[in-house]
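Residues per chain are reported as follows:
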Amino acid sequence: MEELSAGVVARTEHAQATLLWLACAAPALQGVQPGQFVMVRCAEGQDPLLRRAYSLHRIWPSGAAPPGAPSELRDQAGLALWVRPAGRGSAWLARRPVATPLDLLGPLGHGFALDADTRHLLLLALATGPGPLLALADWALAREVSVTLLAQTPYPAELVPPEVELISLPAAGWEARAAPLVAWADQVCLSGPLAGVSELAAWRRRLGTRKRFQIALEGDVACGTGICMGCVAETRHGWRRLCRDGPVFDLRELGG
Amino acid sequence: MTEPLDLSVPLASGLTLANPVMVAAGGLGFGGELAHRLDLDRLGGLVTPSITLGARRGYPPPRLVEAVAGVLSSTGLPNPGLAAVVRGQAPVWATWRLPVLASLAGATADEFGELAEGLAAAPGVAGLELNLADQPAGGLLDRLVPAEVGAIVAAVRPRAALPLLAKLPSGAAGLVDLARAAVEAGADALTIGHGLPGLAWDRTRRRPRLAVGGGTLSGPAIRPLALRAVAEVVAAVSAPVVGCGGISRGADALEYLQAGAVAVQVCTACLVTPRAPWTILEEIAQTLAAAQVRSLNDWLE
């Protein structure tokens, strides 16, 4: 729930989204986990009223900016937001000019946890985009874990670390393409909308695997702090809040 | 040395707030989750989310959608129930200077009485606020008539020797009569009000966007309507009135106070920025300092 001070240092335009590159004070990012998110004010006045939730698309400490980061961020800690204009708030945010401060709350929620014995990590980005999975890839590579990223929507190859295998998935029949890679992986991490989670859970059950699947859920989050009780998802233990109890859940909690 | 500004406001016998900025029911939850990050003791008061006799899971999602300059919500009052609140939350409130007012939501007058008795016996409860606008299992709003309001307040009054606020919805028909009935039955003060009934529509799915259909509209969109309701009740009853509805800036709060409210409650603004009540308080203090007055009363006169 901390307020995070960050300003837009650069923006890069891509086919599906605008990437906002933000500089932050390094201490503010200590201990941040991939999968956590920030709540961003997306208006100067009172409409749209609510903040928008954005996963931390990239997170890096000082001197470790990811591929594609603008040169002025090479020596600074920072984070990047993948902003896909889909409504009034995101369209406003995608137009933020360079040198604009952003009003952020965060980092919020619980992120991904890599198992200590994971050596091969499979990342699966569903149609809504890569969410926090690139930040997770960076994190895994730093722990000498090999990473394969399956993406349902095209993702710019120049933003992907060269050590990561990037594979495009077809919109239909992607499960057959992904299944052998599940066999290869020690752990599977996904990003996708709450609306599609029951299909993913059913897919995991059909695979008959005991491997751990974690998913960063995307859904409407109103306050981000757990207070409004608005963003609930049904789990094995009843309603749980995406913002406070997630957004990363074990897929088994969601029926997988 | 400059004397500190006196922002204190008497709300009821035995309950004077350090300043007029309160958090409305649900604005910051039960307070405990955020207490280590926010200086709660600086505020005038905190009203808890509405407490029911038994635990409630709340309604299925979607529970909350954005409206123009506002929020439409229907959560179904999720809360852990009276016993869990008394056991788990009240001992924490007892360690704060901040007055905590417990919001009660009963389905009947008897239930309100039982809730009041249970909370009056708990540590750390400075007052009670009866939620007469947003009841579990619906229904009560449909029969929100002066006799029913009076019966609920009368059922609570002898069972709790605590300051008692009755919260009424700004948009209720015959609001002034409801307010009079609450005061005549023993309410010490009134909270006006609660959001207004609304509906958001999903054209693609051809149904309401909220899972349960309609909801309550809150936020800046309703502020002029809520302010009018406060002014009408202030003109009609002598009991203190707490204003609530779309307050997100110090200037908004000062408008309510000039219109006759003794204090204000902040709710939806907390969902946007949890520090909103503190910012509002600072903006009020800045306005009074700029006017070179020593107290809120001096500024209002």
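Structure: above.
Residues numbered from 1 in each chain as written. Chains lettered and ligands numbered in written order. Predicted model: local features only at pLDDT ≥ 70, side-chain atom pairs only at ≥ 80, totals over all residues. Heavy atoms only, no water.

Quick notes on unusual backbone geometry
Turning to step 1, where the next piece is worked out: With an omega dihedral of -5°, the bond running from Asp47 of chain A to Pro48 of chain A counts as a cis peptide bond.
Turning to step 2, where the next piece is worked out: The residue Pro48 of chain A is located in the loop between β3 (37-40) and β4 (52-55) in this model.
Turning to step 3, where the next piece is worked out: In the segment running from Gly106 of chain A into Pro107 of chain A, the intervening peptide bond is cis, with an omega of -5°.
Turning to step 4, where the next piece is worked out: The phi torsion at Ala99 of chain A lies on the positive side, around 75°, for a residue other than glycine.
Turning to step 5, where the next piece is worked out: Secondary-structure assignment places Ala99 of chain A in the loop between α1 (88-94) and β7 (101-108).
Turning to step 6, where the next piece is worked out: The phi dihedral of Gln292 of chain B falls on the positive side, at around 55°, and the residue is not glycine.
Turning to step 7, where the next piece is worked out: For Gln292 of chain B, a relative accessible area of 73% puts it in the exposed group. (Helix = DSSP H or I, 4+ residues; strand = E, 2+ residues; numbered from the N terminus. Buried < 20%, exposed > 50% of the residue type's maximum accessible area, 1.4 Å probe, protein only.)

Regarding the environment of Pro193 of chain A
Residue and element names in this part refer to chain A.
Turning to step 1, where the next piece is worked out: Relative to the helices and strands, Pro193 resides in strand β11 (residues 187-193).
Turning to step 2, where the next piece is worked out: On the basis of relative accessibility, which here comes to 28%, the residue Pro193 falls in the partly exposed class.
Turning to step 3, where the next piece is worked out: In this structure the C-alpha to C-alpha distance between Pro193 and Val9, which are 184 residues apart in sequence, comes to 29 Å.
Turning to step 4, where the next piece is worked out: With residues near it in sequence (within four places) discarded, Pro193 still touches Thr128, Leu217 and Glu218. (Contact = heavy atoms within 4.5 Å.)

Looking at the packing of helix α5 (residues 175-184) of chain B against helix α6 (residues 223-236) of chain B
All names here are of chain B.
Turning to step 1, where the next piece is worked out: Where α5 meets α6, the axes come as close as 9 Å, and the angle between the chain directions of the two elements is 50°. Considering their axes alone, α5 and α6 lie oblique with respect to each other. When the axes of α5 and α6 are compared, the crossing they make is right-handed. Note on element contacts: α6 touches α5 through Ala229, Glu232, Val233 and Ala236, opposite Leu175, Val176, Ala179 and Arg180.
Turning to step 2, where the next piece is worked out: Considered class by class, the residues forming the contact of α5 with α6 number six nonpolar, no polar and two charged. (Axes fitted to C-alpha atoms, helices over the stretch in contact; angles between N-to-C directions. Parallel < 35°, antiparallel > 145°, perpendicular 65-115°, else oblique. Left-handed = near helix turned anticlockwise from the far one by under 90°. Nonpolar A, V, L, I, M, F, W, Y, C, P; charged D, E, K, R; others polar.)

Observations regarding the sheet that holds strand β5 (residues 64-67) of chain B
Residues and elements named next belong to chain B.
Turning to step 1, where the next piece is worked out: Spatial strand order, β5-β6-β14-β11: four strands in an open sheet with antiparallel pairing. Two strands lie at the open edges of the sheet, namely β5 and β11 (196-198), each paired on one side alone. Shown here is a sheet whose adjacent strand axes are inclined to one another by a mean of 35°, direction ignored. (Pairing = 2+ DSSP bridges.)

A short note on the sheet that holds β4 of chain A
Residues and elements named next belong to chain A.
Turning to step 1, where the next piece is worked out: Spatially, the seven strands line up as an open sheet ordered β4-β3-β7-β1-β2-β6-β5, and their pairing is antiparallel. Pairing within the sheet leaves two strands with one partner each, and these edge strands are β4 and β5 (58-60). Between one strand and the next, the sheet's axes are offset by a mean angle of 35°, whatever the strand orientation.
Turning to step 2, where the next piece is worked out: Taken together, the seven bridges between strand β1 (residues 3-13) and strand β2 (residues 18-24) define a ladder with antiparallel strand orientation. Pairing of Thr12 across the sheet is with Leu19, part of β2.

Details of the pairing of strand β16 (residues 263-266) of chain B
Residues and elements named next belong to chain B.
Turning to step 1, where the next piece is worked out: Side-chain alternation along β16 places Ala263 and Gln265 on one buried face and Val264 and Val266 on a second face that is also buried.
Turning to step 2, where the next piece is worked out: Bridge count for strand β3 (residues 21-23) against β16 is three bridges, and the pairing is parallel. In the strand pairing of β16, Val23 is matched with Val266.
Turning to step 3, where the next piece is worked out: Taking the sense of rotation as the criterion, the β-α-β connection linking strand β15 (residues 241-244), helix α7 (residues 250-258) and β16 turns out right-handed. (Right-handed = clockwise from strand over helix to strand, strands pointing away.)

Remarks on the packing of aromatic side chains
Turning to step 1, where the next piece is worked out: In the structure shown here, the tally under the stated rule is five aromatic pairs over all chains.
Turning to step 2, where the next piece is worked out: With a centroid separation of 5.2 Å and 45° between ring planes, the pair formed by Trp82 of chain A and Tyr155 of chain A is classed as tilted. Here Tyr155 of chain A lies in the loop between β9 (146-151) and β10 (165-168) and Trp82 of chain A lies in strand β6 (residues 78-83), a separation of 73 residues in the sequence. The two residues Trp82 of chain A and Tyr155 of chain A agree in class, both being buried.
Turning to step 3, where the next piece is worked out: Residues Phe30 of chain B and Trp93 of chain B carry aromatic rings whose centres are separated by 6.4 Å and whose planes lie at 20° to one another, so their mutual orientation is stacked. Of this pair, Phe30 of chain B sits in the loop between β3 and β4 (45-47) while Trp93 of chain B sits in helix α2 (residues 90-93); the two residues are 63 residues apart in sequence, bridging distant segments of the chain.
Turning to step 4, where the next piece is worked out: A residue is classified by how much of its surface remains accessible, and Phe30 of chain B, at 14% relative accessible area, is buried.
Turning to step 5, where the next piece is worked out: Taken together, the aromatic side chains of Trp174, Trp203 and Phe213 of chain A make up a single cluster linked through ring pairs.
Turning to step 6, where the next piece is worked out: In this arrangement the basic side chain of Arg96 of chain A is found over the ring face of Trp92 of chain A, its NZ or CZ atom lying 3.8 Å from the centre. (Phe/Tyr/Trp six-rings, centres within 6.5 Å; stacked < 30°, edge-to-face > 60°. Lys NZ or Arg CZ within 6 Å of the ring centre and 35° of its normal.)

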